[in-house]
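# Coordinate analysis (summary)
For reference, the chains in residue letters:
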Amino acid sequence: MRARTTMLAGAVAAACVATLLVAEAQEEAAQEAPRTSWGAPDLRGTWDFRTITPFERPASFADQEFLTADEVEEFEAAVREQRAAREANSEYTENQGDVDVGYNSFFIDSGTQMSRTMRTSLVVDPPNGRVPAMTEDARARARARFDTWGSPPRTPADRNTAVRCITGFNSGPPMTPGAYNNIMEVFQTPDYVAIRTEMVNDHRIIPVAERAPLREDLRLWKGDSRGHWEGDTFVVTTTNFSEDTAFRNTGRDLVLTERFTRTSEAGLLYEYTVDDPASYEANWSTALEMQKTEDLIYEYACHEGNLAMMLMLRGARLQEAEGRGDDQWLASWYRGAAAAVQDEDPDEDER
């Protein structure tokens, strides 16, 4: 019993030290963060949000919220070794995928480092680093979407907004690290902040001055964003989402709050909170420190020659003509999520 108590005390002490170190580093860096000519914190620049920090805390980290520098190095080394082993497999690098996914390692650019927050997950609230359970209403909506996406498309509206190149899978709002195109550029004036993401060449212009809210019946793919300053943090509240946007199975009444804090010359802390009682049993939040980069943002061509949607519809009509009812249209990267919402009470790992 004494040994267990000593170990627990040591773990608590380590977590407290890590928390203090991160807070001190951010406070010190904030003092050095650049400001604009009109005195506001300077958010301008091109920012890289790649990271290998898990979205939700893996079971192997249990209740550990922060990592030490040595643990971060060990985690990053393990990821490099796993990738090297996978890429050495010719089945993966040369023959990976069919027309379903068709990516090999050349196209993946998900980063090599953990976030400088040194946390064990991007999800920071709830404290367990896990997204709260979805409501049954959200799960029913998700099942209906997956059923549609898994069937031959009758019209382009039967495919999701990412497949239709309307929204990107990581361009947001909110912005989330993905397989590639994890880069965005910020432009700033006293009255507006504009964000351009490389994924789907997306643009978002956020007014800083107060404006009347949009009418309830006006719904937008990226919602309606309004910003204001809270000290040195730029806070953006977005409402009026389209029900088809459905970020991680959210609904049309999602209220998304994003926070941008310039932590240093090279760091931009990006946080967001999902508030959607109709979809989740509790609010949840994430934190990620983006890194400044000299890389350029390039044109993003979502569908080569704009042929993909036409070919999908042709394939569906051909199946109909042949009397085939193919229900295998759901891309493999959605199948895990689709399976999870089929259960009435999924366990924590599936969430």
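So, here is what we can say about the structure in this document. (Residues numbered from 1 in each chain as written. Predicted model: local features only at pLDDT ≥ 70, side-chain atom pairs only at ≥ 80, totals over all residues. Heavy atoms only, no water.)

## Let's talk about the packing of aromatic side chains
Put simply, the rule is: By convention, a stacked pair of Phe, Tyr or Trp rings (six-membered ring in the case of Trp) has centres within 6.5 Å and planes under 30 degrees apart, an edge-to-face pair has planes over 60 apart, and any other such pair is tilted. Strands here are runs of E lasting at least two residues and helices are runs of H or I lasting at least four, both read from the DSSP assignment and numbered beginning at the N terminus.
A complete count under the given rule lists 13 aromatic pairs for this structure. Arranged with centres 5.5 Å apart and planes meeting at 50°, the rings of Trp149 and Tyr334 form a pair that is tilted. Here Tyr334 lies in helix H6 (residues 332-340) and Trp149 lies in helix H4 (residues 136-149), a separation of 185 residues in the sequence. Taken together, a centroid distance of 6.3 Å and an interplanar angle of 25° make the contact between Phe247 and Trp284 stacked.

## Comments concerning the nonpolar core
Short version of the rule: Only buried residues count toward a nonpolar core, which is a set of Ala, Val, Leu, Ile, Met, Phe, Trp, Tyr and Cys residues joined through side-chain atoms within 4.5 Å. Residue exposure (1.4 Å probe, protein chains only): buried if accessible area is under 20% of the type maximum, exposed if over 50%, otherwise partly exposed. Residue contacts follow a heavy-atom distance rule, with two residues in contact if any of their heavy atoms lie within 4.5 Å.
With 36 residues, the main nonpolar core has Met175, Met184, Phe234, Phe260, Val274 and Met290 as its most contacted residues. Those elements giving two or more residues to this core turn out to be H4, strand S3 (183-188), strand S4 (192-197), strand S7 (233-239), strand S8 (255-262), strand S9 (267-275) and strand S10 (284-292). Every residue in contact with Met290, bar those within four places of it in the chain, is listed here: Trp47, Asp48, Phe49, Met175, Met184, Ala266, Gly267, Leu268 and Tyr270. Judged by nonpolar contacts, the second largest core, of seven residues, contains Phe61, Val72, Val79 and Met114.

## A look at the state of the cysteines
To keep it simple, the criterion reads: The term disulfide is used for any two cysteine sulfur atoms that are within 2.5 Å.
The final tally for this structure, using the stated rule, is one disulfide. Bridging Cys165 to Cys302, the disulfide has an S-S length of 2.1 Å. Given an S-S torsion of about -85°, the disulfide between Cys165 and Cys302 has left-handed geometry. You can see Cys165 sitting in the loop between H4 and S3 and its partner Cys302 sitting in the loop between S10 and helix H5 (308-321), a full 137 residues away along the chain. Given a relative accessible area of 25%, Cys165 falls into the partly exposed group.

## Looking at the packing of H4 against H6
What counts is decided by this rule: All axes are obtained by fitting lines to C-alpha atoms, using only the stretch in contact for helices, and the reported angles, taken between N-to-C directions, cover 0 to 180 degrees. To sort the angles, those under 35 degrees are grouped as roughly parallel, those over 145 as roughly antiparallel, those from 65 to 115 as roughly perpendicular, and the leftovers as oblique. In a left-handed crossing the near helix is turned counterclockwise from the far helix by less than a right angle, and in a right-handed crossing that turn is clockwise. Under this grouping Gly is polar, as are all residues other than the nonpolar Ala, Val, Leu, Ile, Met, Phe, Trp, Tyr, Cys and Pro and the charged Asp, Glu, Lys and Arg.
For the pair H4 and H6, interaxial distance at closest approach is 9 Å and the crossing angle is 140°. As summarised for this structure, H4 and H6 are arranged oblique, according to the angle between their axes. With respect to the hand of their crossing, H4 and H6 are arranged in left-handed fashion. Listed contacts from H6 to Arg139, Phe146 and Trp149 of H4 are Tyr334, Ala337, Ala338 and Ala340. Among the residues making up the contact of H4 with H6, the classes are represented as six nonpolar, no polar and one charged.

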